[in-house]
Amino acid sequence: MKFLNEARLYKDQMISDLKELVKIESVRDDNSAKVNAPFGENIAKCLDKALEIGKRDGFEIENVDGYAGIIQYGNKEESVGILGHLDIVPIGDDWTFNPLECQIKDGYIMGRGTCDDKGPTIAAYYAMKIIKDKGYKLKHNIQMLLGTDEENLSEGILYYKKHRKAPIMGIVPDASFPCIYAEKGILDMRCFGEINSCIKYMKAGVAYNVVIGKADVIVDAPLDKEYFDKFLIANNIGGKCFKDENGTHYHIDGKPFHASKPHMGINAAIKMFQFIGSCYNDEFSIKIANLLNDPFGASLNVDYDGAYMGPLTFNLGKVEIDNNHVDLALDYRYPNEVVGQVLFENTEKKIKEVLNLNSELVDDSKWLLNNPDSELIKTCMKHYREFSGDTYTPPLRIGGGTYARTFDNFAAFGPVFPNRKYEDWVGKEHEADEGFEIETMLLACAIYANVLYDLACEKVD
C-alpha cells in the first residue's frame, strides 16, 4: 500500500511530536487572553509548538495573529488544505491515565486530545511531510491550517478565512472514515433569568457539545437520603448527598457523551432536576425536567426527522444557578430541512412560556452538504477503500460538526475506521481516558498522503 512504509518510518517521531502537543492543556481560557493569544495562553503555546514542528521540518509557517496557524509546502497560486485543531475540551474527571502525559498501553496512546484532534492532525501533518520528503512536483500547494477554537465557536478559523485566501478544497482529519460529505446544522443558545426554586446553587456541565456527566446542587430544604438512594437505584446512576451549614448537598453522576448523540449519554442535570422536583415538589425543577428531557426535542415541540440527515437532536450542555438566577446552555443538531432561525424562535417562545426565561442566540452554523460525486469525495473514498478493504460503506452523513463546514469543498475524513474495533477501556473524544490507536494513526497518515498526492501533485509515470 503506497506510503504506508514511509508512515511507519515516522512512527516514533509522530508519537514524540504528539506528546509535545498533548502535554499543553489547550483549553480556551478567556481570562488569560491577550494580543496574539486571543483564546488564552495555553492555546497560544500549543499553536507555537505546532508551528515550531513545521519550521523544524523545513516548511513555511505563519502565525495568523494567534487565531490560526499555517504550515505550507509549495509556492503555487492555489492550495489543497488540511484543517485540524489544537484546542481541546476540558479534561473532566474519572481518568485512570494522566490526561496530559500520553501514556502508551497495548498499542494505544492515551490523553486528552489524542483522538480529538491533536493525534489526527499529527497523522495528516506527517502525510504532508511524506509528500515533501519525496520531492514530488506540485500543481497546488499543500497547506495545513491549525485551528484554535473548534470546540467553542470556531472563531480562530473564521478569522483566518477573513484575512487569508482559502484553499480550493481540503480534508478535515477530525471524524471517522469513510468520507463525510454531509453534516447537520449546529445551533447553540443561552437561556437565563430569575427563578423561584429551593435550589440555592447548581453547577453542571462543561460545554455546549457534551452531555452533562456530573451535577451538583445545594438546596434550601431538609436532607432526604432515603429518597435520594431510591432515586439513584431506580435510575441506575451514582451519587452522594450530605448536609452542612450551607444547606443540603446532592451530587449525581450521569454519563457524558458527544452532543451529536445525546441519547447515548445520561444527562446528570436532567436527572438532578427530576429528583429535586419529585422529592421537594419544586415547581421549577419539575417544569425544566419535563421541558428539556427529550434528546430529540419532542418536549420542546421542535422534533423533526430529516429525510436526508436523520433526526434533530437536543442537548442541555451547562446549568448554573446562584442566588435565584439561572443560566442554561442548549445545543441543537438539525437536518437540512430545518431553518436555524426558526428553530431558535420556536425554542425561545417555548422557554419563555414554560420557564419565563430569556434567550439569546450564541451561534448558528449551517449544515454542510457536499456533492458525493465530486473529485474530493471520490478521491477520499478511493483511498479509504484500498486501505481498509471496506467496499460497501458509503460516504457518511453525521450530526457532529467539523471544520469542514467553514470552507467550500472541504470534507471531514477519518481517522477512525469503522471496521477497527477499539478496546472498551479506551475513551472516545470528549470522554475520560480518551485514546488513539497508534496503528490507526499510521494507516490514516498513509491514506492522507495518497489523497494529497492525487489532489496536489503532478503525476509521474
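As a reminder, the structure under discussion sits directly above these lines.
What counts, and at which threshold
Residues numbered from 1 in each chain as written. Predicted model: local features only at pLDDT ≥ 70, side-chain atom pairs only at ≥ 80, totals over all residues. Heavy atoms only, no water. Salt bridge = Lys/Arg side-chain N within 4 Å of Asp/Glu carboxyl O. Helix = DSSP H or I, 4+ residues; strand = E, 2+ residues; numbered from the N terminus. Buried < 20%, exposed > 50% of the residue type's maximum accessible area, 1.4 Å probe, protein only. Pairing = 2+ DSSP bridges. Axes fitted to C-alpha atoms, helices over the stretch in contact; angles between N-to-C directions. Contact = heavy atoms within 4.5 Å. Parallel < 35°, antiparallel > 145°, perpendicular 65-115°, else oblique. Left-handed = near helix turned anticlockwise from the far one by under 90°. Nonpolar A, V, L, I, M, F, W, Y, C, P; charged D, E, K, R; others polar. Polar contact = N/O pair within 3.5 Å; in protein donor to acceptor, adjacent residues only side chain to side chain. Expected span 1.5 Å × (residues − 1). Arc of directions from axis to C-beta.

1. With respect to the pattern of salt bridges
Here the idea is simple: oppositely charged side chains can pair when their charged atoms come close.
Item 1. Here the structure, examined in full by the defined rule, presents 30 salt bridges.
Item 2. Salt-bridge contacts for Glu283 lead to Lys287; the nearest nitrogen and oxygen are separated by 3.1 Å. One end of the pair, Glu283, and the other, Lys287, are both in helix α8 (residues 283-292), four residues apart, so they sit about a helical turn from each other.
Item 3. Its relative accessible area of 53% is what places Glu283 among the exposed residues.
Item 4. Here Lys287 falls in the partly exposed class, since its relative accessible area comes to 34%.
Item 5. The network of salt bridges with shared partners includes Asp17, Arg56, Asp57, Lys129 and Asp133.

2. Points about the sheet that holds strand β14 (residues 247-253)
Item 1. With antiparallel pairing, eight strands are arranged side by side in an open sheet as β13-β14-β12-β11-β17-β18-β10-β19. Of all strands in the sheet, those with a lone pairing partner are β13 (238-244) and β19 (358-365), marking the two edges. Across the sheet, the mean angle from the axis of one strand to that of its neighbour is 20 degrees, orientation sign disregarded.
Item 2. In this structure, strand β10 (residues 185-194) lies alongside strand β18 (residues 325-334), joined through ten bridges in antiparallel fashion. By the bridge assignment, Leu187 is partnered in β18 with Tyr332.
Item 3. Here helix α7 (residues 268-280) sits on the sheet and contacts β11 (199-204), β12 (214-219), β14 and β17 (313-322); the angle it forms with β14, its principal contact strand, is near 140 degrees.
Item 4. Its contacts with the sheet put helix α9 (residues 340-355) on β10, β18 and β19, and the angle it makes with β19 is roughly 160 degrees.

3. Topic: the packing of helix α4 (residues 118-134) against helix α11 (residues 438-456)
Item 1. One way to put it is that α4 packs onto α11 with a least axis distance of 8 Å and a crossing angle of 45 degrees. As the angle between them shows, α4 and α11 are arranged oblique. Crossing of α4 against α11: the hand is right-handed. Residues Gly119, Pro120, Ala123, Ala124, Tyr126, Ala127, Met128, Ile130 and Ile131 of α4 touch α11, and the partners they reach there are Met441, Cys445, Tyr448, Ala449, Leu452 and Tyr453.
Item 2. Here the residues of the contact of α4 with α11 are counted per class, giving 14 nonpolar, one polar and no charged.

4. Notes on the side chain of Thr148
Item 1. With respect to the element layout, Thr148 can be found in the loop between β6 (141-147) and α5 (155-163).
Item 2. Thr148 sits in the buried class, given a relative accessible area of 0%.
Item 3. A distance of 2.6 Å separates a polar atom in the side chain of Thr148 from the backbone oxygen of Tyr67.
Item 4. In contact with Thr148, not counting residues within four places along its chain, are Phe39, Ile43, Leu47, Gly66, Tyr67, Ala68, Asp87, Gly156 and Tyr403.

5. Side note on α4
Item 1. The first and last C-alpha atoms of α4 sit 24 Å apart over 17 residues, in line with the 24 Å expected at 1.5 Å per residue.
Item 2. In terms of burial, α4 is a largely internal element, 14 of the 17 residues being buried.
Item 3. Of the residues trailing α4, Gly135 is marked for its positive phi of about 75 degrees.

6. Here's the deal with the sheet that holds strand β4 (residues 104-105)
Item 1. Spatially, β4-β5-β24 is the arrangement adopted by the three strands of the open sheet, whose pairing is antiparallel. Whereas interior strands pair on both sides, the edge strands pair on one side only; in this sheet they are β4 and β24 (435-437).
Item 2. Sitting on the sheet, α11 touches β4, β5 (108-110) and β24, and the angle it makes with β24 is about 60 degrees.

7. Some details on the environment of Ser359
Item 1. Tracing the sequence through the fold places Ser359 in strand β19.
Item 2. Sequence separation of Ser359 and Ser79 is 280 residues, and the distance between their C-alpha atoms is 41 Å.
Item 3. The contact partners of Ser359, leaving out residues within four places of it in the chain, are Met189, Arg190, Cys191, Phe192, Phe344, Glu348 and Ile351.

8. Some details on unusual backbone geometry
Item 1. In this model, Phe177 is joined to Pro178 through a cis peptide bond whose omega is -10 degrees.
Item 2. Mapped onto the elements, Pro178 comes out in the loop between β8 (175-176) and β9 (179-183).
Item 3. Here the bond from Gly414 into Pro415 is cis, since omega is 15 degrees, no more than 30 degrees from zero.
Item 4. Relative to the helices and strands, Pro415 is located in strand β23 (residues 415-416).

9. Some words on the environment of Phe231
Item 1. For Phe231, the position within the fold is in helix α6 (residues 225-235).
Item 2. For Phe231, a relative accessible area of 13% translates into the label buried.
Item 3. When the C-alpha atoms of Phe231 and Pro418 are compared, they prove to be 37 Å apart, with 187 residues separating the residues in sequence.
Item 4. Residues within four places of Phe231 in sequence aside, it is in contact with Ile237, Ile252, Lys271, Gln274 and Phe275.

10. Some words on α6
Item 1. Looking at α6, one finds that the buried residues are Phe228, Phe231 and Leu232. The arc that holds the buried residues of α6, viewed along the axis, is 100 degrees, so those residues lie on one side. Of the exposed residues in α6, the ones pointing more than 90 degrees away from its buried face are Glu226, Lys230, Ile233 and Ala234.
Item 2. Close packing links the buried residues of α6 with β13, β14 and α7.
Item 3. Phi turns positive one or two residues past the end of α6, at Asn236, with a value near 55 degrees.

By themselves these figures say nothing about function.
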